[in-house]
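One letter stands for each residue in the lines below.
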Amino acid sequence: MRKALCLLSCFALLGLVGCGSQGSSSESSASEINRITVFLDCGAGHFLDGENTKAISIFAGQTLKEIETPVYPTYKFIGWKDSSGKILDLNTFEIDFSLTIYAAWEKDAEWLSNHGAEPKRVEKGRMEYGLYPQTVVDDEKTIGKLSSLSPDAEFNRYYFLDGEFYCRYEAMPCEDGLGQFSNGNPIVSGKAYYFKVEPVTWEALDEEGLRWYAAMILDANTFSGQVDRATIDYGGGNYHSRYKADFDPGEVYANNYERSDLRYLINQEFLETLLYFSKDELSDVNVDNSAATLENASAASFVCLDTIDQAFPLSYSEMAALARENRQSKGTDFARARGLYVDDVSIGYSDAWTRSPTGYSGSGIWMTAPDGTLIQGQAYDEAIGIRPAIELKSALS
């Protein structure tokens with residue numbers, strides 16, 4: 001009898017446990033029924049992982065208090081809106097059914113004003129206009145944040161973090177010279193660095209405020225693609241362009257500005273980067289490449305036709321008209337990482353191209369030396385800096 005009672009007690013206990021388990025399962029099923037999905041659509045913006053949509057599962061009646069804020073360069077995020085365009089207060093808005101909400105954006109006029117969207121005078125004889133990679137990032141916290149971003153988060157080859165653009169580049173420094181960034185750190189070949197994309201500073205070339213000259217060397221490149229040195233003689237070297245052209249390279253000398261790689265680089269790749277977020281306020285300039293812009297008549301045989309450019313290096317005569325200290329120029333950290341030669345005697349100054357041929361050979365080009373003097377260089381030298389000039393459509397007040 002005792003044994004029977006014991007068995008009954010065990011069966012009763014099992015029954016209670018079974019009922020409890022069945023109740024928990026029912027509650028779980030009910031909970032799943034009460035779950036809804038909220039879809040987040042960033043439109044032209046994106047989250048830090050590069051995705052512009054996300055799905056969040058919540059219980060019906062809940063609010064969405066903590067959502068990652070999306071980014072959209074040059075725009076300000078003003079909140080989430082429903083399909084009718086109404087801005088929602090997610091702290092109080094209880095969501096009872098699955099739906100899609102959309103990021104609301106407006107142009108960030110203040111950001112654009114502070115990032116070179118339009119020419120802006122910053123001091124007498126100086127203005128800011130356009131954006132270009134310049135200063136190396138040496139703050140470990142910022143580097144860590146940038147390194148954690150998904151490659152999908154790139155915007156026009158840049159990363160956007162905390163309201164600023166950054167460029168990632170694997171350094172190819174010049175083997176000669178100082179070999180350092182402006183902060184004194186050595187430039188390691190092949191190492192990836194981040195560079196802050198900043199407004200470009202320009203110096204006035206005239207009283208009217210129309211023509212301007214980059215205050216720093218912004219990049220480095222050959223004047224024309226690598227010349228086969230075995231073919232060079234004092235009568236001139238053959239022209240070898242890295243870009244496709246509709247002419248026979250053998251017909252044009254390497255110091256021909258009209259057909260040079262430098263002209264292509266400045267007026268295509270450089271301007272595309274400079275003006276990507278800016279209004280195009282640049283004039284199409286009739287660039288004088290005649291013998292009058294050269295040092296003397298000995299180089300006349302190498303002159304090219306006049307060109308129509310929005311950006312251009314200064315000529316020999318234009319450069320010679322500047323004070324020597326105004327011809328001196330230092331390169332940005334980005335230009336140094338791109339292979340710019342940095343003189344270790346003049347404390348960080350570099351060479352920069354003019355657009356004028358010398359009379360010495362078909363590969364000879366005038367350039368400014370680190371001490372500001374004008375010297376003769378070779379068109380295939382890839383360690384020479386690019387310091388372009390521009391002309392505005394209207395004078396800057």
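In this report, we go over the structure that sits alongside the text.

What counts and how
Here the residue index of a chain counts from 1 through its sequence in written order. It should be noted that, the model being predicted, local features are given only for residues of pLDDT at least 70 and side-chain atom pairs only at 80 or more, the latter also being counted only at that level, while totals for whole chains, interfaces and linings use all residues. Side-chain metrics rest on all non-hydrogen atoms present in the structure, leaving aside hydrogens and water. Buried Ala, Val, Leu, Ile, Met, Phe, Trp, Tyr and Cys residues that are joined via side-chain atoms within 4.5 Å together make up what is termed a nonpolar core. Classification of residues uses two cut-offs on accessible area relative to the type maximum, computed with a 1.4 Å probe and protein chains only: under 20% is buried, over 50% is exposed, and between them is partly exposed. We count a stretch as a helix when DSSP gives it H or I for four or more residues in a row; a strand needs E for two or more, and each element gets its number in order from the N terminus. Definitions used throughout: a 1 Å grid over protein atoms alone; a cavity as a set of points that fits a 1.4 Å probe which cannot get out; a pocket as an open set with protein on both sides within 12 Å along at least five of seven lines; a lining residue as one with an atom within 4 Å of a point. Grid points are joined across faces, edges and corners, and a volume is the space filled by probe spheres set on the points. Here the term charged refers only to Asp, Glu, Lys and Arg, the term nonpolar to Ala, Val, Leu, Ile, Met, Phe, Trp, Tyr, Cys and Pro, and the term polar to all other amino acids, Gly among them. Classification of ring pairs uses Phe, Tyr and Trp, with its six-membered ring standing for Trp, and accepts pairs whose centres are within 6.5 Å; under 30 degrees between planes counts as stacked, over 60 as edge-to-face, and the remaining range as tilted. Residues count as neighbours in contact if any of their non-hydrogen atoms are within 4.5 Å of one another. In what follows, salt bridge is the name for a side-chain nitrogen of Lys or Arg lying within 4 Å of a carboxyl oxygen of Asp or Glu. For two strands to be treated as a pair, DSSP must find at least two bridges joining them.

By size, the foremost hydrophobic cluster in this structure holds 79 residues, and its most contacted members are Trp80, Ile101 and Trp202. Of all the elements, helix H4 (residues 261-274) adds the most residues to this core, at six residues.

This part takes up empty space enclosed by the protein. Using the criterion set out here, one finds two cavities of 30 Å³ or more in the structure. By volume, the largest cavity is sized at about 50 Å³. What lines the largest cavity is Asn255, Tyr257, Asp288, Asn289, Thr293, Leu294, Cys304, Arg355, Ser356 and Pro357. When grouped by side-chain class, the residues that make up the lining of the largest cavity number four nonpolar, four polar and two charged. Considering only enclosed or pocket space, the second largest cavity measures out at about 40 Å³ in volume. Looking at the second largest cavity, the residues that line it are Pro173, Cys174, Asp176, Gly179, Gln180, Ile187, Arg336, Leu340, Tyr341 and Val342.

Moving on to the packing of aromatic side chains. The geometry of an aromatic ring pair comes down to the distance between the two centres and the angle between the two planes. Under the defined criterion, the tally for this structure stands at 23 aromatic pairs. Ring geometry for Tyr159 against Tyr194: centres 6.3 Å apart, planes inclined by 75 degrees, an arrangement best described as edge-to-face. Here Tyr194 lies in strand E10 (residues 192-204) and Tyr159 lies in strand E8 (residues 159-161), a separation of 35 residues in the sequence. In this structure Tyr159 comes out as buried when scored by relative accessible area, which is 6%.

With that settled, consider the environment of Glu94. When you line up the elements, Glu94 lands in the loop between strand E4 (87-88) and strand E5 (99-107). When the C-alpha atoms of Glu94 and Leu64 are compared, they prove to be 8.0 Å apart, with 30 residues separating the residues in sequence. The contacts of Glu94, once residues within four sequence positions are left out, are Gly61, Gln62 and Thr63.

Before going further, it helps to spend a moment on the pattern of salt bridges. Scanning the model with the defined rule gives twelve salt bridges in all. As a salt-bridge pair, Arg211 and Glu391 come within 2.8 Å of each other at their nearest N and O atoms. With Arg211 in strand E11 (residues 211-214) and Glu391 in strand E20 (residues 389-391), this residue pair connects regions lying 180 residues apart in the sequence. Among the residues examined, Arg211 registers a relative accessible area of 23% and is labelled partly exposed. Between Asp309 and Arg263 there is a salt bridge, and its shortest N-O distance comes to 2.8 Å. Of the two residues, Asp309 sits in strand E14 (residues 307-309) while Arg263 sits in helix H4, which places them 46 residues apart along the sequence.

This part is about the sheet that holds E4. One open sheet holds the five strands; their spatial order is E2-E1-E5-E3-E4, and the pairing between them is mixed. What marks the edges here is a single partner per strand, and that holds for strand E2 (53-59) and E4. Summarising the sheet, strand E1 (residues 35-41) and E2 pair through seven bridges and their orientation is antiparallel. Its bridge partner lying in E2, Arg35 is registered against Phe59.

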